[in-house]
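Summary of structural features
Now for the letters of each chain:
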Amino acid sequence: MKEKIEALKAKIDSAIQETETGRALYELKLKFQAELKSIMSGMRDLPKEERPVFGKVINEFKEGMEQKFEERAVVVRQKELQKKYEEEKIDVTMPGRKYEAGALHPVTLVKNQLIDIFAGMGFKVFEGPEIETDYYNFTALNTPEDHPARDMQDTFYLADKLLLRTQTSAGQIRVMETEKPPIKILSPGRVFRSDDDATHSPMFHQMEGLVVDKGITLCDLQGMLAEFAKKMFASSTKVRLRPSYFPFTEPSVEVDLSCSECGGKGCRLCKGTGWIEVLGAGMVNRRVLENCGVDPDVYTGFAFGMGIERIAMLKYGINNIKALFENDTRFLKQFRD
């Protein structure tokens, strides 16, 4: 037994000096404890009178080895710390990294500008949920059951009667259900449609506006849009309304602005017409008001909706909507203040 302890002691002494990491030292200690436990199990084979003597030897051996492990641990920790300092050393004479300041995305710039313009005219902002029910997105807006917009090839359905909103107009219904006229709200946000080309994206940003009060007419809509056009583009910008059709407005109009590139003379951007289609609008349909519990014989209102990307493309001369979503820093750097 004594020989076994002496052999283990020599073995451990040699191994401790070779360890260079705290992990290796810890594993060596576990190995030592396992071997010592194996030696101690042989005590039951010794005569009773020899056991106290052997126990004393074992205890002295254990205490001595514990001391050696602690001393080596101090040395190893110091070496590891020194190595870490060397690896993380910084040359303060080297030039630092240059971090360029970021900038707001053009869509965000235009969105903020639109909110500022309409807030100045008394509009408050309402942001509805992006996941909508069929009722708020279509039915309450007087969209027929057989309308093409309800088809799966045009709308992203998540489940039966549950979809990604195709327009922020759904927010107008929620406001009219919970608030009494007069109402003057702006509803910006992301919308989703199954459409993808140079001028359309499956996900884009839209901004809807709604005004409901007594005596609201189409003239109020035209005057408000004229003010918007002048502040967003140029003071010389003109507005033109053309008859159109939308299920939730009657009468409905398409709104054109005089071309900001040529001033209405005709150019490549406006395809020689002098006008550019910008948004859709109209007087709120009586059925829509009735669906929301608003008396159409007492109150009237107008609504309008525009694509924020569309406004950004016109304002900054962008010819491909995909440039707004590609995260190309060369493109985005152009919009720094």
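Summary of the structure given here. Quantities reported herein were computed from a predicted structural model and do not represent experimental measurements. (Residues numbered from 1 in each chain as written. Predicted model: local features only at pLDDT ≥ 70, side-chain atom pairs only at ≥ 80, totals over all residues. Heavy atoms only, no water.)

**Examining the overall build of the protein**
From N to C terminus, the protein includes 10 helices and 10 strands. The C-alpha radius of gyration computed for the protein amounts to 39 Å, which surpasses the reference 20 Å derived for 337 residues by more than 25%, pointing to a less compact arrangement than a globule. The principal-axis extent of the C-alpha atoms belonging to the protein is close to 115 × 55 × 35 Å. A buried classification covers 39% of the 337 residues belonging to the protein. Residue pairs at least 24 apart in sequence account for 67% of intrachain contacts in the protein once pairs closer than 6 positions are excluded. Per element, the accessible surface of the protein, about 19,900 Å² overall, is 52% carbon and sulfur. Of note, the protein has its 49 positive side-chain charges centred 4 Å away from the centre of its 52 negative side-chain charges. (Helix = DSSP H or I, 4+ residues; strand = E, 2+ residues; numbered from the N terminus. Rg over C-alpha atoms; globule rule 2.2 N^0.38 Å. Buried < 20%, exposed > 50% of the residue type's maximum accessible area, 1.4 Å probe, protein only. Contact = heavy atoms within 4.5 Å. Areas by Shrake-Rupley, 256 points an atom, 1.4 Å probe, with all protein chains shown as cover. Lys, Arg positive; Asp, Glu negative; His and termini not counted. Charge placed at Lys NZ, Arg CZ, Asp CG, Glu CD.)

**Here's the deal with the side chain of T143**
Within the element layout of this structure, T143 appears in the loop between α5 (134-137) and β3 (157-159). Residue classification places T143 among the buried residues on the basis of a relative accessible area of 8%. If near-sequence neighbours (up to four positions away) are discounted, T143 is found in contact with F138, R150 and P247.

**Topic: the pattern of salt bridges**
Two side chains carrying opposite charge are able to pair once their charged atoms lie near each other. In the structure shown here, the tally under the stated rule is 14 salt bridges. One salt bridge in this structure joins K231 and E227, with 3.5 Å as the shortest N-O distance. With K231 and E227 both in helix α7 (residues 218-232) and four residues apart, this pair spans about one turn of that helix. A residue is classified by how much of its surface remains accessible, and K231, at 44% relative accessible area, is partly exposed. By relative accessible area, which is 33% here, E227 ends up partly exposed. (Salt bridge = Lys/Arg side-chain N within 4 Å of Asp/Glu carboxyl O.)

**Side note on the sheet that holds β3**
The three strands lie next to each other as β2-β4-β3, forming an open sheet whose pairing is antiparallel. Bordering the open sheet on either side are β2 (131-133) and β3, each of which pairs with just one other strand. Pairs of neighbouring strands in the sheet enclose a mean axial angle of 35°, with direction left out of account. Alignment of β2 against strand β4 (residues 162-164), held across three bridges, turns out to be antiparallel. Note on β4: the bridge partner recorded for E132 is L163. (Pairing = 2+ DSSP bridges. Axes fitted to C-alpha atoms, helices over the stretch in contact; angles between N-to-C directions.)

**Overview of a nonpolar patch on the surface**
On the surface, I131, L158 and L162 cluster together to form a nonpolar patch covering roughly 250 Å² of accessible area. Within the secondary structure, I131 sits in strand β2. (Patch = residues over 30% accessible without salt bridge, like charges linked within 9 Å, V, L, I, M, F, W, Y side chains within 5 Å.)

**A few points about the packing of helix α4 (residues 106-119) against helix α9 (residues 308-316)**
For the pair α4 and α9, the least separation of the axes is 9 Å and the interaxial angle reads 100°. By the angle between their axes, α4 is roughly perpendicular relative to α9. Between α4 and α9, the residues in contact are P106, V107, L109, V110, K111, Q113 and L114 and I308, E309, I311, A312, K315 and Y316, respectively. Of the residues assigned to the contact of α4 with α9, the class counts are nine nonpolar, one polar and three charged. (Parallel < 35°, antiparallel > 145°, perpendicular 65-115°, else oblique. Nonpolar A, V, L, I, M, F, W, Y, C, P; charged D, E, K, R; others polar.)

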